[in-house]
Amino acid sequence: MQKLKHKLLIAGAYAAISVGTAISPIMAQSLFSNDVAPIKGPTKGIVQSPFAKTENFIMTTRQPALALEDAVVNPTLIAFNQPRSRFKLEGEDALGRFTFQHDMDKAGTIGELVIAYKNAVSVMPEASSLNIKVNGYPVGKFPIASSSEFSAHKFLVPANALVDGTNIVEIQAIQRHRVDCSLAATYELWTEIDFMNSGFLTEDEFTFSDLKSLKMIGRSENGLTDLRLVLPKNSGIGDLNAALPLVQTLSLALGRDDVAVTVSDKSGIGPGIDVYLAAMDRPDLNYPAAANAKHGLSVVQTQDARRVAVVLKAPSIGQATAQLLAGIRGELKPMLDAAISQEKHLEINADAGGVYTLGQAGYTARSFSGRLFRTNFDLVLPADFYPAEYATIDLGLHAATSPGLNPQSQLLVRVNGQIVTSLPMRDTDGEVFEDRRIELPMRAFRPGRNQIEVLAEVEKASDEACVYSERDETAPRFILLENTEIRVPQLARISRLPDLSVFAGTAYPYRNDERLNIYAVHADSRTLSAALTMMSKMTIASGAPLNSQVILGRPDNSDRDNKLVIAPRRAFIQSGPSADDEPHEVSYRIKFYDADWLPDLITTASVESIALPKVTQATPEDLLQAFRHKTQKTATELSTAAVIKQKFDDLTHRFQSWLKYEPAIDSAVTGDIDGRKANLVQTLDDQNNSVVTWLAADTPEDVVRASLILAEPDIWSTVKGSDVTIDLRTKQLSAQLPSDYKVHAFTDKSPSNLRRLAAAWFSDNFIAYIVLIVAFFAFFAVWLGRTIPKAGVRTED
Amino acid sequence: MKLAWISAVIAGVLGIFLLWLPMSLQAQLVLSFASLGVMFFAMSRPDNKVFRLVTFTFCAILAIRYGFWRSTETLPSISEPANFIPGFILYVAEMYCLIMLGISFFMLSDPLKRKTPPLKKIEDLPTVDVFVPTYNEDPELLAGTLAAAKSMVYPKEKLKIWLLDDGGTEQKRADKDPQKAIAATRRHEQLKALCEAMEVNYLTRKRNEHAKAGNMNEALKVTDGELVVVFDADHAPVRTFMRETVTYFLDDPKLFLAQTPHFFLNPDPLEKNLQTFKNMPSENEMFYSVVQTGLDKWDASFFCGSGAVLRRAALDTTGGFAGQSITEDCETALALHSNGWHSVYINKPLIAGLQPETFDAFIGQRARWCQGMLQILILNRPFLAKGLKMSQRLCYAGINLFWLFPISRLIFMFAPLLYIFFSLEIYQANIQEFCAYALTYLIASFGMQSYLHGKVRWPWISELYEYVQSVMLFGSILSVIRSPRKPTFNVTAKGVTLDNNFISPLARPYFVIFFLLSGAALYSFWRLLTEPVASDLLLMVAGWNAINLSIAALALGVVAERRELRRNQRLPVQRHGLMRQGDKTWSILIKDASSGGIGVQFLDDVPEIEHDSNWQGEVEVRRAGKQVKFPVIIRSGSIVEGENHYGFAYTVRTPEVFMAIAEVMYSDQEILQERINRRQVRQNILTGSWVFAKRSVTETIRAFAYLAGLGKIEPVESAEDAPITVKDNNAQIPGKVMPMPQTMGGNRAEA
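Now for a description of the structure that goes with this document. Note that the structure is predicted; figures quoted are calculated from it, not measured.

## Some details on the sheet that holds strand 11 (residues 225-230) of chain A
Residues and elements named next belong to chain A.
Item 1. Reading across from one edge, 12-11-13-15-14 is the order of the 5 strands in this open sheet, with mixed pairing throughout. Each having just a single partner strand, strand 12 (259-264) and strand 14 (296-301) make up the two edges of the open sheet. Strand-to-strand twist of the sheet, defined as the mean angle between neighbouring strand axes without regard to direction, takes the value 25 degrees.
Item 2. Bridge analysis of strand 11 against strand 12 gives 6 bridges, and the strand direction is parallel. Bridge pairing in strand 12 places Thr225 opposite Val259.
Item 3. Against the sheet, helix 5 (residues 320-329) contacts strand 13 (272-279), strand 14 and strand 15 (307-314), and its axis sits at roughly 120 degrees relative to strand 15.

Take a look at the structure:
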């Protein structure tokens, strides 16, 4: 009891100091600080994703403030489980939901929550705050006032707020702009939580000693969970393949979707997990780290307190699988079960038609008093979903607006980055929407993961003045209720390939029992790292280990299995398996690099690190249109006739694009990405009826860099089309839709599915549809025209 | 043949299956264009039956698709009753229109053009009783009709003419009100004298039971002709009426009805007040020129109360004319069709009659039709009636359901206001969907309207007629739905003169609606200007309201009654004749004729006729070498564009003069046909819309001028028509019904 009181006092002092240090820099901060430039918001009235805009600052996490040094080196700071991209809280009312694992037996019954953060310069501290809750218990609140550097706050988490196992931390960021109350300005509001230096500070010293504790491991500077397969210097591909089940099992058991696997002959540095497969009958596999380990799976704390080693030790290499199975049935089982069956926050899995409420997905309703309400959730659709117009996915809206809003208030729904519909909310006396049906066009969705974002523009006339003393920032303007429903109709089911979105979403078609051969064209550790990272992504996406092996070299026609090819030359994709320009002889010995090199994505990224891809279908028409748009601005002395013609041409082009289901013209379309790039390409091997997916870049360094970019969950979930080009500098993706799909599997042959499929196919080929209709009905009409004169009173001539 | 049938059915089913597929908006829009293209192409050969059915089919594609989309995609959520309830009402109104469109496609799929069968032997002609039922019509009107009936070409011994007087029944003559009793007695005596003078039969009965049907059923008991011809009191037949109709009965022993169209000498209130009578096709022409010919194809043309021949044997099977509803004509036809009897429709104008002159009389007539048809719908349930073929069921259901139009019309008028004033979103669609489904359907509808009815109905005129009736008939519909047996027969007033311009006593709701829609138009315009993000929906609704406002504005012109001084409606005739005075003779062209006088042009020499003189002469016309003469007196004269025009009145109106009038007016059926043909001119949608919009403005101004008392005109005095001389001793009866009892005038005849 004495001890507890003492800790409470310490915690109180910490909090007081933290708040003080956090506020003081703000007081002296200039709006024109060179440290952080505000993000330019979109044009008023047009809601765009801020992700889609290039931001001209580096959101680095590499230089934490001095005040954080304790936390950085403190070995008992348990990291949050969420990937790095979730740590940015944007908008006027953003809610971040994070989890951490806690072991009361080993780490005590109380502890401190450390929140290190930095915010945009435009955030007004007087009206902005972070509110923290742990498992629903409020533990702290402080003004957002750290625009120049990361600063940390610590809060004591009392025993009654902690649970053994998964703890939920909710961080609500209420943010208001200093000088601008417009909608556009809300995009300038953000607060970033430092993913490396935030977490739970345990009461007692804590060491990683069992498999369960792996969930507490921190992330590397890249923001990824580092899983390093350590192999001996002279190991070959057989050793690597022997370790694949272990790597896949650990990828699954961690319950994270940002695992990056590296292959090296050295152990790693910093937060992460080293993986060893030790066999007593192989001296080269008898690692020092495994010297004291028992047979089977075990966890060994390394010298680096933030790093841990997982050892699978077997009497012989042949018995490694049996030892792993024993571990899976034993200590790993609850971890695997929890990881596979875990329901992700704000994610709806719709394997078939059904009705789902936002509340079921974890959304919590709360009154919104800002100008632009934003919330989003993911909808995971089945792999064989055929997106077309045979139905709509409906949002059954339950919401309300307050009196006094501008009549141009509206609710927008964005699907996968594109605004698909809007609902005017014109009633200035306040409006209640009870199950208002909002149709979301099916074509905006894709198989696998889809992001749906709901935005409500709820401005008031008083926002224009934006006088601080007159602002009422507490009066609610909008509420989106938890019983808002997503209604997924019966879907047309037929799997069509190539489609990288379903590959990324559910690992289709690699998730079935068929063998997946992973080809590493070069036998170097970088290419193999990329291969294992991709394999790990597949494993996590499918929720099960893959029946796969790594093969060195390029695939040939004799391989009838599905294939994933990691190629350090992009030209290999085009040249195909019969090309003879392969510069590298196939080797069965892995080439390890001398330098323990791992690309640092942060140092090379000159733009904001989280970016959604743009689909740029660079047809000649699009390029011409984009060119015309650019040159149009300089043509100031066009004749009236030319202006009219230009308008007409634009209208015609827009109409033609609409007819072809193409998205609206994006003036940013350039048709190409400059600089270093990689490609993720899916092709079909008709001869073997198999699917080949290529990850190719121009060097082994680039291919591993590409794999790390794809390891970021928010980027991975936006992969689509048949050919994704990854800009390795900016992390921008450019997706190309396939010119033609091929049916890969067709199982549901029920009449209703056939009807939906017919509708979907005809929608994509509607000229055939119209020709058939005209032909059928013309035939019918001619028959009628010959029959009716003979019916009733005969009138035939 | 069977293979063709099977193939066509399969093609149709496959087509429907494809239509049923939930396709993209892009596909729907292109399909719309394709269907419209095929439809308009097929319209280029209106006389080709195959092309006609292609036109129908492709319009039906757009209609079916619209209906399906409307039903599945556009209804508001039931959880929002403020939106859902009015939205559903609008939806029901639209579905009603779609059903009516489908039925009309069926009805009009192959309209019949009949050729009169040749007459083989005169001896085979059946005996005929001509019924002229009357209740309160003027004697001169009856005299004209009876004279025309007498003039019909038919063996005299086989033709009997009966005036069936329900205004002089024993019940009426014994009325407790002495004035009514005297008036009925006077009418009884005068009409008896008239019939005697005209050598036709007068018949009345004891009690006024079952109105017109009861009147005719009483006549059936005392007559025995094989065929019965019915003429309303104001419907005068042409000479060839019997020739054109009776021969059908010789060919088909199961034929119970030969119906002819009703041609009208005078304008209805809309035509009169909007001054469209000379140029625009009459409202009834759509029914008589198009609908009845379509019904005839399916053996479903029905009795319209007058201008028809019926077989007594058929009537006997159902106990005579049906009297359950107040539209005994349609009900009678329904009963006989149900018993397996046939009907024919002869699309030639063979009778000429009068329409109600005033707006309230017009509404009274339409209220009777509306209530009667709905009575049949409710009480007789034609769609389920035994004995009818499916095609007949559809036709009867269609013609009865049509009279629910006031409900849908009013819904269409008021629905936009819900969005404009209250932002209720009762039609859930965006502009792209509206264009792909609704707009293309509307274009197809307008195209079909022009294709089917273009010659007989100008653009927007149907909407105007529907609207002006709807405001007043809405209550009638509710009344008959509440108590289907309650409505009673009321006789439409005709032959009325209007001394001055005035606002109809029924005008108030039309002005209220006009103000309401004007307010909505202004408010929607204000919203469009002030709302920064003006929605597609507001634009669509504002446009819809503007069209409604235009209709409501022109309706004000309809209820702003223009005066009607003409007592007797003229018929242009172009008949050569001679004018004699003493020993002088002039060659004349009789340009028009009425029951009060004739319009004359002197062809060679023009007599010296002094202004305000009592110049008299005798007109002589000839038929088959036989002279027909009648005396006339000058009433007016003028010279227009070098042509002289003189108006003469009959100095006396004896039975012989009435026969002469019938000879001049109704001897030539072609005159009636020519007048119809002259007005059946198409007007395209753009011209029609422009004219309609322009007149909406001018007629609104006129209506408000009348409302402000600026429409008053100095009364015009005119000479009275000659009384009717019914006896050799110059005994006379007045041409018009007098308000007070009056004894018979004239000189006592020497015994």
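And the narrative resumes.
## What about the packing of aromatic side chains?
Two aromatic rings are characterised by how far apart their centres lie and by the angle between their planes.
All names here are of chain B.
Item 1. Summed over all chains, the structure comprises 56 aromatic pairs over all chains.
Item 2. Plain terms: the ring middles of Phe402 and Trp403 are 5.3 Å apart, the flat faces sit at 85 degrees to each other, and that makes the pair edge-to-face.
Item 3. Residue classification places Phe402 among the partly exposed residues on the basis of a relative accessible area of 35%.
Item 4. What makes Trp403 buried here is its relative accessible area of 9%.
Item 5. Sitting over the ring of Phe51, Arg45 keeps its end group 5.1 Å from the ring centre.

## Comments concerning the interface of chain B and chain A
Often the size quoted for an interface is simply the accessible area lost on bringing the parts together.
Item 1. Opposite the 55 residues of chain B that make contact, chain A presents 46 residues.
Item 2. For the chain B and chain A pair, buried surface summed over both sides reaches about 4600 Å², with 70% attributable to carbon and sulfur atoms.
Item 3. When the buried area of chain B at its contact with chain A is split by residue, Leu18, Pro22 and Gln26 of chain B rank highest and sum to 13% of it.
Item 4. If you look at where chain B meets chain A, you find 4 salt bridges.
Item 5. The partner of Arg426 of chain A in a salt bridge is Glu425 of chain B, and the shortest N-O contact between them spans 3.9 Å.

## Observations regarding the packing of helix 8 (residues 525-542) of chain A against helix 13 (residues 700-711) of chain A
All names here are of chain A.
Item 1. Two numbers describe how helix 8 lies on helix 13: the axes approach to 8 Å, and their chain directions differ by 20 degrees. As judged from the angle between their axes, helix 8 and helix 13 are roughly parallel. With respect to the hand of their crossing, helix 8 and helix 13 are arranged in left-handed fashion. Facing helix 8, whose interface residues are Arg526, Thr527, Ser529, Ala530, Thr533, Met534 and Lys537, helix 13 presents Pro700, Glu701, Val703, Val704, Ser707, Leu710 and Ala711.

## Describing unusual backbone geometry
Item 1. Each neighbour pair has its own omega, and for Leu497 of chain A with Pro498 of chain A the value is 0 degrees, a cis peptide bond.
Item 2. Within the secondary structure layout, Pro498 of chain A lies in the loop between strand 26 (495-497) and helix 7 (500-506).
Item 3. The residue after Tyr508 of chain A, namely Pro509 of chain A, is reached through a cis peptide bond having omega 0 degrees.
Item 4. Along the chain, Pro509 of chain A falls in the loop between helix 7 and strand 27 (516-520).
Item 5. A positive phi is found at Asp299 of chain B, a non-glycine position, where the angle reads about 55 degrees.
Item 6. Its place among the elements puts Asp299 of chain B in the loop between helix 11 (284-297) and strand 8 (308-311).

## Considering the pairing of strand 4 (residues 111-119) of chain A
Residues and elements named next belong to chain A.
Item 1. Of all 9 residues in strand 4, 9 are buried; the element is thus mostly enclosed.
Item 2. As paired elements, strand 4 and strand 7 (residues 151-157) share 7 bridges and run antiparallel to each other. Note on strand 7: the bridge partner recorded for Ile115 is His153.
Item 3. Relative to strand 10 (residues 199-202), strand 4 is paired through 4 bridges, and the arrangement is antiparallel.

Procedures and definitions
Residues numbered from 1 in each chain as written. Chains lettered and ligands numbered in written order. Predicted model: local features only at pLDDT ≥ 70, side-chain atom pairs only at ≥ 80, totals over all residues. Heavy atoms only, no water. Pairing = 2+ DSSP bridges. Helix = DSSP H or I, 4+ residues; strand = E, 2+ residues; numbered from the N terminus. Axes fitted to C-alpha atoms, helices over the stretch in contact; angles between N-to-C directions. Contact = heavy atoms within 4.5 Å. Phe/Tyr/Trp six-rings, centres within 6.5 Å; stacked < 30°, edge-to-face > 60°. Buried < 20%, exposed > 50% of the residue type's maximum accessible area, 1.4 Å probe, protein only. Lys NZ or Arg CZ within 6 Å of the ring centre and 35° of its normal. Buried area = accessible area lost by both parts, 1.4 Å probe. Salt bridge = Lys/Arg side-chain N within 4 Å of Asp/Glu carboxyl O. Parallel < 35°, antiparallel > 145°, perpendicular 65-115°, else oblique. Left-handed = near helix turned anticlockwise from the far one by under 90°.

Note that all results are geometric; they support no functional claim without further evidence.
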